[in-house]
Amino acid sequence: MPKFAANLSTLYPELPFLDRIAAAAADGFDAVECQLPYDWPAEVLAERLAAAGLPLVLFNAPPAGTDAASIARAWADGARGLAALATPSSGREAEFQAGIALALHYAQVLRCPRIHVMSGLLPSDQPNTPHDTWVHNLRWAADRAAPLGIDLLIEPINGKRDMPGYALQHQASAHALIEAVNRPNLRLQLDLYHCQIMDGDLAHHLQHAAARNHLGHVQIAGVPSRHEPDVGEVNFAHLLQLLDALGPEVRWSGYVGAEYRPARGAVPQGTHDGLGWLRAARSAPSAPLAAR
Ligand SMILES: O=C(O)[C@@H](O)C(=O)CO
Ligand SMILES: [Mg+2]
């Protein structure tokens, strides 16, 4: 079975953020990931991770802003990335680059090998993505991350419900962008929840991303509720077996991020009580399936 990372931004809402790390360890997760770590100094997070004995395997670059306060404000105001938006004439290139520099600092202190770089929301009067800007910004960021051994990820996110107007919504667009940027450390964050809503055909998309050697990281949640992955229309047990069958020539993280909102919300033990899917995955036979 793949290794599982608890997404601290969505799991354990019943606990203060820093305490979620120890809770994930106690529940048997192999790692943690999160969306925005910038409210806490990197050194404080590093101490908590070391105490729990878990690695941080993924977090997001700032969606906009350049320090903890401006990043939090930008997120609350609806900013969802700058990679597709920061044209030279927008005056936002410096902000994008400062955000990447901050993310790389966190990744080094936290020994985190991958960063998700969000693309942004397209203005309704400009629904076409400025492709050259996107390629230029991702190439600039990938070239700063490469000497540090860090992969950057892009993630198609559904615009039907969760993020209307998001610049990157489909798997095919992400593969085309990765090829246009043409840097080996720019890879795909395949969130199977978003993929099911926008593109379907999950086994195909998973195997296609692996075959093109674009697959960097995988995330799961039940569809359509975005609750526990064992509730809803997707057969995650099957998809996890397909992941298990990927060979060593496919350079993906090996981690599956559990990025869902626990159905029981913030009640005590709410996250723990919903982890039946994790226990089932652990006890499933890991006999590789033939690719199909
Ligand atoms: O799926 C998501 O929403 C996340 O992976 C993310 O990074 C942006 O919110
Ligand atoms: Mg995701």
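Everything numeric in this text was worked out from a predicted model, so none of it was measured.

> Help me get a handle on the site of ligand 1, residues and values and all.
Neighbouring ligand 1 are Gln35, Asn60, His116, Glu155, Ile157, Asp191, His194, Gln219 and Glu259. Each residue belonging to the shell around ligand 1 can be placed in one class, and the counts come to one nonpolar, five polar and three charged.

> I'd love a proper account of the confidence of the model for the protein, names of residues and values included.
Per-residue pLDDT for the protein has a mean of 95; in total, 97% of the residues score no lower than 70. Model confidence for the complex: the whole-complex pTM is 0.96, and ipTM, which rates the interface, is 0.99.

> How would you summarise the environment of histidine 217 if you had to cite specific residues and measurements?
Mapping histidine 217 onto the fold places it in strand β7 (residues 215–220). Put simply, histidine 217 and tyrosine 255 are 38 residues apart on the chain and 6.4 Å apart in space, counted from C-alpha to C-alpha. Excluding residues that lie within four positions of it along the chain, histidine 217 makes contacts with Leu58, Arg114, Leu153, Gln189, Trp252, Ser253, Tyr255 and Gly257.

> Can you break down the nonpolar core residue by residue, with the values?
Ala5, Val32, Ile115, Val117 and Leu192 are the most contacted members of the largest nonpolar core, which has 85 residues in total. Broken down by element, this core gets its largest block of residues, six residues, from helix α4 (residues 93–110). Residues in contact with leucine 192, not counting those within four places in the same chain, are Leu202, Val218, Gln219, Ile220, Val234 and Leu239.

> Let's hear about the sheet that holds strand β6 (residues 186–191): which residues, and what values?
Pairing is parallel around the closed barrel formed by eight strands, whose spatial order is β1-β2-β3-β4-β5-β6-β7-β8. Going across the sheet, the axis of each strand differs from the next one's by a mean of 30°, ignoring polarity. Here strand β1 (residues 3–7) runs beside strand β2 (residues 31–33); their pairing, made up of three bridges, is parallel. Paired with alanine 5 across the two strands is alanine 31, which belongs to β2. Where helix α8 (residues 202–211) meets the sheet, it contacts β6 and β7, and its direction lies at approximately 165° from that of β6.

> Quick one: what's the story with the pairing of β6, residue by residue and with numbers?
Most of β6 sits inside the fold, with six of its six residues counted as buried. The sheet contact formed by strand β5 (residues 151–154) and β6 spans three bridges and is parallel. Residue leucine 153 lies in a different strand from β6, and its bridge partner there is arginine 187. Note on the crossover from β5 through helix α6 (residues 171–181) to β6: the handedness is right-handed. Two strands pair when backbone bridges link them, and β6 and β7 are joined in this way by four bridges, in the parallel orientation. If you follow glutamine 189 over to β7, its bridge partner there is histidine 217.

> Give a detailed account of the UniProt feature "active site" (unreviewed entry) in the protein, specifying residues and quantitative values.
UniProt annotation of "active site" (unreviewed entry) refers to Glu155 and Glu259 when read in the numbering used here. In summary, the annotated positions, though distributed over 105 residues, converge in three dimensions, the widest C-alpha pair being only 13.1 Å. One can find glutamate 155 in the loop between β5 and α6. Assessed through the 22 C-beta atoms surrounding it within 10 Å, glutamate 155 is described here as buried. Setting aside its immediate chain neighbours within four residues, glutamate 155 contacts His116, Gln189 and Asp191. Look at glutamate 259 and you get buried, because 26 C-beta atoms sit within 10 Å. Once you skip the residues sitting within four places of it in the chain, glutamate 259 turns out to touch Asn7, Thr10, Asp191, Gln219 and Ala221.

Cut-offs used in this document
Numbering of residues begins from 1 in every chain and follows the order in which that chain's sequence is written. Chain letters start at A and ligand numbers start at 1, both assigned in the order the entries are written. Under the rules for a predicted model, residues below a pLDDT of 70 receive no local features and side-chain atom pairs below 80 are neither given nor counted, while totals for whole chains, interfaces and linings still include all residues. Residues are counted as near a molecule or strand when the C-beta atom, derived from backbone positions, lies within 6 Å of that molecule or strand. Throughout this entry, Asp, Glu, Lys and Arg are counted as charged residues, while Ala, Val, Leu, Ile, Met, Phe, Trp, Tyr, Cys and Pro are counted as nonpolar. The remaining residues, Gly among them, count as polar. pLDDT expresses, on a scale from 0 to 100, how confident the predictor is about each individual residue. Strands here are runs of E lasting at least two residues and helices are runs of H or I lasting at least four, both read from the DSSP assignment and numbered beginning at the N terminus. Here the contact rule is simple: place C-beta atoms from the backbone, and any two residues whose C-beta atoms are within 7 Å are in contact. What we call a nonpolar core is a set of buried Ala, Val, Leu, Ile, Met, Phe, Trp, Tyr and Cys residues whose membership is set by joining through C-beta atoms within 7 Å. Exposure classification rests on a simple neighbour count of other C-beta atoms within 10 Å of a residue's own: a residue reaching 20 or more is buried, one at 12 or fewer is exposed, and one in between is partly exposed. C-beta atoms are placed from the backbone. Any two strands between which DSSP finds at least two bridges are classified as paired. Whenever a helix is involved, its axis is fitted only over the stretch in contact; in every case the axis is a line through C-alpha atoms, and angles between N-to-C directions fall within 0 to 180 degrees. By the criterion used throughout, a crossover qualifies as right-handed when its path from the first strand across the helix to the second strand runs clockwise, the strands pointing away from the viewer. UniProt positions are given in the numbering used here, feature names are shortened, and annotations may be inferred rather than shown by experiment.

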